[in-house]
Amino acid sequence: MREIMYRDAVLEALDEEMARDKNVFIMGEDVGILGGNFKCTAGLRDKYGDLRVKDTPISEAGFVGMGVGAAITGMRPVIELMFGDFLMVAMDQICNQAAKITYMSGGQVKVPLVIRMPLGGGRSSAAQHSQSFHAWMAHCPGLKVVVPSTGAEAKGLLKTAIRDNNPVVFFEHKMLYTTKFETPEDEDYTIPFGKARIVTEGDALTIVATSIMVVKAEKAVKKFQKEGINVELIDLRTVVPMDTETIVKSVKKTGKLLIIDEGHISFGISGEISTRIMPEVFYDLEAPVQRLGTADVPLPFSPALEFPLIPDEKTIEAKIREII
């Protein structure tokens, strides 16, 4: 283990998988010469050449479609979108093609495709560059949806995604890219999909969080530990497949649940988690399930307007105190 930035953990996973399998290649806007919008592919074009690290035109529909075709023929493309918001431009290729071809071919065709992109607000990038669309992707059967919270999670889950024979949509939070985390050096370090991570153990409350909200929640939880209040924090890791078993076991112990996800509150991941576990925990709950998320408005450009709409450490701390 050593401490590296989140973006370098992503880069390391890509580098190791490209070295391991010649069928792995990268496509996207500015992934080659400039090393990616957030420098997650820096140096890979020099190391592996232009054919394996391919700069594309500004046409998400075009190069995502190329990725689907390449995956069908046996390659393992990793597509980078500059921002998760740009998924909308390629929804047909992702949800009507990549997600369905295996099923429509009776299992004869595999689509080992990874689509990487940043999500979330916090950079004052305005309404078209700050959205969190992991719930949209989870609503499309045939896709696996990943939301890594730390450098170790980013590396291990990305390596698993590249080796998977199904299309994987991989969301990296843009506010984590330059944060440093303890990350394994092991080239075979992978994290299985569908297995949540227990970050801290406790019996006062269960928190289930995704992506950067895990990092924010952990800071809040540590403050309560100093007061002798132990909160169990669960990092969901993957939205699809979802590890409800770990959540149910924890809620049966604590009797209380708070779900924190940066997606908009309405019609999102938090409501899905609550509904999925309810049949098994209803009689164990000592209080209603609570949720924190981004308000149901497009994120504004102004930091003074944007920041209060997204849960932060203080918001989480106040909600924990309210519940317990």
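If you're wondering where the values come from, they're calculated on a predicted model, not measured in any experiment. (Residues numbered from 1 in each chain as written. Predicted model: local features only at pLDDT ≥ 70, side-chain atom pairs only at ≥ 80, totals over all residues. Heavy atoms only, no water.)

*Asks:* I'd like to hear about the pattern of salt bridges, residue by residue, with values.
*Replies:* Charged atoms that come close allow side chains of opposite charge to pair. Taken as a whole and judged by the stated rule, the model has 28 salt bridges. Here D235 ties to R197 by a salt bridge, and the two come within 3.1 Å at their closest N and O atoms. Placement of D235 in strand β11 (residues 231-235) and of R197 in strand β9 (residues 197-200) is noted, with a sequence separation of 38 residues between them. Across the pair E232 and K253 runs a salt bridge whose closest N-O atoms are separated by 2.7 Å. Of this pair, E232 sits in strand β11 while K253 is found in helix α9 (residues 244-254), placing the two residues 21 residues apart along the sequence. You can call E232 buried: its relative accessible area is 4%. Taken together, the shared-partner salt bridges in this structure form one network comprising R2, E12, E16, E17, R20, K155, K159, R163, E185 and D188. (Salt bridge = Lys/Arg side-chain N within 4 Å of Asp/Glu carboxyl O. Helix = DSSP H or I, 4+ residues; strand = E, 2+ residues; numbered from the N terminus. Buried < 20%, exposed > 50% of the residue type's maximum accessible area, 1.4 Å probe, protein only.)

*Asks:* Give a detailed account of the sheet that holds strand β10 (residues 205-209), specifying residues and quantitative values.
*Replies:* Here 5 strands make up an open sheet; going across it, the order is β9-β11-β10-β13-β14 and the pairing mixed. At either end of the open sheet lies a strand with only one pairing partner, and these are β9 and β14 (290-294). The mean inter-strand angle of the sheet, taken between neighbouring strand axes irrespective of direction, is 25 degrees. Summarising the sheet, β9 and β11 pair through 3 bridges and their orientation is antiparallel. Residue T200 lies in a different strand from β11, and its bridge partner there is L233. (Pairing = 2+ DSSP bridges. Axes fitted to C-alpha atoms, helices over the stretch in contact; angles between N-to-C directions.)

*Asks:* I'd like a rundown of the packing of helix α1 (residues 6-20) against helix α7 (residues 151-163), residues and numbers included.
*Replies:* Relative placement of two packed helices is described by the angle separating their axes and the distance separating the axes. For the pair α1 and α7, interaxial distance at closest approach is 8 Å and the crossing angle is 30 degrees. Considering their axes alone, α1 and α7 lie roughly parallel with respect to each other. In terms of crossing hand, the pair formed by α1 and α7 is right-handed. Side by side, α1 and α7 meet where Y6, A9, V10, E12, A13, L14, E16, E17 and R20 of the first sit next to G151, A154, K155, L158, K159, I162 and R163 of the second. By residue class, the composition of the contact of α1 with α7 is 8 nonpolar, 1 polar and 7 charged. (Parallel < 35°, antiparallel > 145°, perpendicular 65-115°, else oblique. Left-handed = near helix turned anticlockwise from the far one by under 90°. Contact = heavy atoms within 4.5 Å. Nonpolar A, V, L, I, M, F, W, Y, C, P; charged D, E, K, R; others polar.)

*Asks:* So what's going on with the sheet that holds strand β12 (residues 238-240)? Residues and values would help.
*Replies:* Pairing within the open sheet is mixed, and its 7 strands lie in the order β3-β2-β4-β5-β7-β6-β12. Each edge of the open sheet is held by one strand with a lone partner, namely β3 (53-55) and β12. Recorded for the sheet is a direction-independent mean angle of 20 degrees between the axes of neighbouring strands. Bridge count for strand β6 (residues 144-146) against β12 is 2 bridges, and the pairing is antiparallel. Paired with V145 across the two strands is V240, which belongs to β12.

*Asks:* Tell me about the nonpolar core, and name the residues and values.
*Replies:* The biggest cluster of nonpolar side chains holds 56 residues, and the ones touching the most others in it are I207, I260 and I320. No other element matches helix α8 (residues 212-225), which puts 8 residues into this core. Setting aside its immediate chain neighbours within four residues, I320 contacts L205, I207, A220, V221, F224, V231 and L258. Within the second largest apolar cluster, 45 residues are counted, among which are C95, I101, I115 and L236. (Core = buried A, V, L, I, M, F, W, Y, C linked by side-chain atoms within 4.5 Å.)

*Asks:* If you had to explain the packing of aromatic side chains to someone new, which residues and values would you point to?
*Replies:* Summed over all chains, the structure comprises 7 aromatic pairs. Look at F38 and Y177: their rings are 4.8 Å apart centre to centre, the planes differ by 25 degrees, and that puts the pair in the stacked class. Here Y177 lies in the loop between β7 (168-173) and β8 (180-183) and F38 lies in the loop between β2 (24-28) and α2 (44-48), a separation of 139 residues in the sequence. With relative accessibility at 3%, the residue Y177 sits in the buried group. (Phe/Tyr/Trp six-rings, centres within 6.5 Å; stacked < 30°, edge-to-face > 60°.)

*Asks:* So what's going on with the state of the cysteines? Which residues, and what values?
*Replies:* Under the counting rule described, the total for this entry stands at 0 disulfides. Between C95, a free cysteine, and C140, which holds the nearest cysteine sulfur, the sulfur-to-sulfur gap is 3.2 Å. (Disulfide = S-S within 2.5 Å.)

These results come straight from atomic positions and should not be treated as a statement about function.
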